[in-house]
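Chains, contacts and geometry: an overview
If you want the building blocks of each chain, they are given just below.
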Amino acid sequence: MSYNFGRFEQRLQSWGFSFTEDMKEQFSVYYDLLIEWNKVMNLTAITEFDEVVEKHFLDSLALVAYIKLNNDWKIIDIGTGAGFPGIPLKIMFPGIQVLLADSLNKRIRFLDTVIAELKLERIEAIHCRAEELAHNNAYREQYDLCVSRAVANLSSLSEYCLPYVKEGGIFAAYKSVSIEQEIEESKKAVQVLGGRLRQVIEFQLADTEYQRSFVLIDKVKPTPKKYPRKPGTPVKQPL
């Protein structure tokens, strides 16, 4: 099926990026697979093409307006779900190395299918608990950028994510707006985990009323080895 990517392309151009025919084909196949698999498993409540473009594809890519991604970066996407934001970022930046991490194996099967159908390289989907994988030295503090759209308070999310970021790297949390209290309550956790708040960016997505924000946290020192704590603890007992 042929889809109208006009507004998508305009937004990318406003960020300084071109939208190739190969990219258009990859996003089309990605959308088709998302809708097909969504019939038998819960991947997204958003299914109309224009809404998926705005609230999943463009939302995933909005980060590039504020962070200059390098094609040689290693990126990890914690709680990736249906592959957001990791797969859209990979499509736009083919050279980056991406690890998609999720705790539900059925989502990993979907992601493996997407990776194969889109013929993506240097990208892997892994079934894991974020709290456990972070204690594996092959993954701990190995990434230039950690991204997450996962639904969790910033204190918990920082404990999940900052252990993966190397010194000098960035953790980017995708959030809604009105998160001042959440940021205030996360200050101790961010500091303990080796991070430092760089910036909170509030923006309106594309030409919609969809309000979003990014919380950008720099990794300034190593995360103490005892973090993250055992599975479930970061949510039940935030730092």
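Since the model is a prediction, treat every value here as computed from it, not as a measurement. (Residues numbered from 1 in each chain as written. Predicted model: local features only at pLDDT ≥ 70, side-chain atom pairs only at ≥ 80, totals over all residues. Heavy atoms only, no water.)

Turning our attention to the overall build of the chain. Regarding its fold elements, the chain presents nine helices and seven strands. The C-alpha radius of gyration of the chain comes to 17 Å, within 12% of the 18 Å expected for a compact globule of 239 residues. Taken along its principal axes, the extent of the C-alpha atoms in the chain is 50 × 35 × 30 Å. Scored against the burial criterion, the 239 residues of the chain give a buried share of 56%. (Helix = DSSP H or I, 4+ residues; strand = E, 2+ residues; numbered from the N terminus. Rg over C-alpha atoms; globule rule 2.2 N^0.38 Å. Buried < 20%, exposed > 50% of the residue type's maximum accessible area, 1.4 Å probe, protein only.)

In spatial order, the strands read β3-β2-β1-β4-β5-β7-β6; together these seven strands make up an open sheet with mixed pairing. The open sheet is flanked by β3 (123-127) and β6 (195-204), the only strands paired with a single partner. Across this sheet, the average inter-strand angle for adjacent strands is 20 degrees, counted without regard to direction. Here nine bridges tie β6 to strand β7 (residues 211-219), and the two strands are oriented antiparallel to one another. Across the sheet, residue Ile201 finds its bridge partner in β7, namely Phe214. Along the sheet, helix α7 (residues 154-161) makes contact with β1 (74-78), β4 (143-148), β5 (165-175) and β7, crossing β5 at roughly 140 degrees. (Pairing = 2+ DSSP bridges. Axes fitted to C-alpha atoms, helices over the stretch in contact; angles between N-to-C directions. Contact = heavy atoms within 4.5 Å.)

Along the chain, Lys175 falls in strand β5. Residue classification places Lys175 among the buried positions, given a relative accessible area of 8%. Within the local environment of Lys175, its side chain forms a polar contact with the backbone oxygen of Ala152, the two atoms lying 2.5 Å apart. With near-sequence residues (within four places) excluded, Lys175 lies in contact with Ala152, Asn153, Leu154, Leu157, Glu182, Arg212, Ser213 and Val215. (Polar contact = N/O pair within 3.5 Å; in protein donor to acceptor, adjacent residues only side chain to side chain.)

It is worth spelling out the environment of Ala152 at this point. One can find Ala152 in the loop between β4 and α7. The exposure class of Ala152 is buried, given its relative accessible area of 17%. Taking C-alpha positions, Ala152 is 9.5 Å from Lys175, a pair spaced 23 residues apart along the chain. If near-sequence neighbours (up to four positions away) are discounted, Ala152 is found in contact with Leu157, Lys175 and Glu182.

Turning our eyes to something else, we now look at the environment of Pro222. Relative to the assigned elements, Pro222 resides in the loop between β7 and α9 (233-236). Of the residues examined, Pro222 reaches a relative accessible area of 43% and is grouped as partly exposed. Remark: the alpha-carbon pair of Pro222 and Glu141, spanning 81 residues in sequence, is separated by 7.8 Å.

Helix length check: helix α5 (residues 105-117) (13 residues) gives 19 Å between terminal C-alpha atoms against 18 Å at 1.5 Å per residue, within 8%. Every buried residue of α5 is listed here: Ile108, Phe110, Leu111, Val114 and Ile115. In a view along the axis of α5, the buried residues occupy a sector of 160 degrees, so they form one face of it. Lys119 sits one or two residues past α5 and shows a positive phi near 55 degrees. (Expected span 1.5 Å × (residues − 1). Arc of directions from axis to C-beta.)

Moving on to the pattern of salt bridges. Pairs may arise between side chains of opposite charge once their charged atoms sit close together. All chains considered together, the criterion is met by 13 salt bridges. Among the salt bridges present, the one from Arg212 reaches Asp59, with a minimum N-O distance of 2.8 Å. Of this pair, Arg212 sits in strand β7 while Asp59 sits in helix α3 (residues 49-61), placing them 153 residues apart in sequence. Residue Arg212 is classed as buried on the basis of its relative accessible area of 10%. Here Glu141 and Lys219 are joined by a salt bridge, their closest N and O atoms 2.9 Å apart. Placement of Glu141 in the loop between α6 (130-133) and β4 and of Lys219 in strand β7 is noted, with a sequence separation of 78 residues between them. Glu141 gets classed as partly exposed once you look at its relative accessible area, which sits at 23%. Beyond isolated ion pairs, a larger network of salt bridges with shared partners links Asp59, Arg149 and Arg212. (Salt bridge = Lys/Arg side-chain N within 4 Å of Asp/Glu carboxyl O.)

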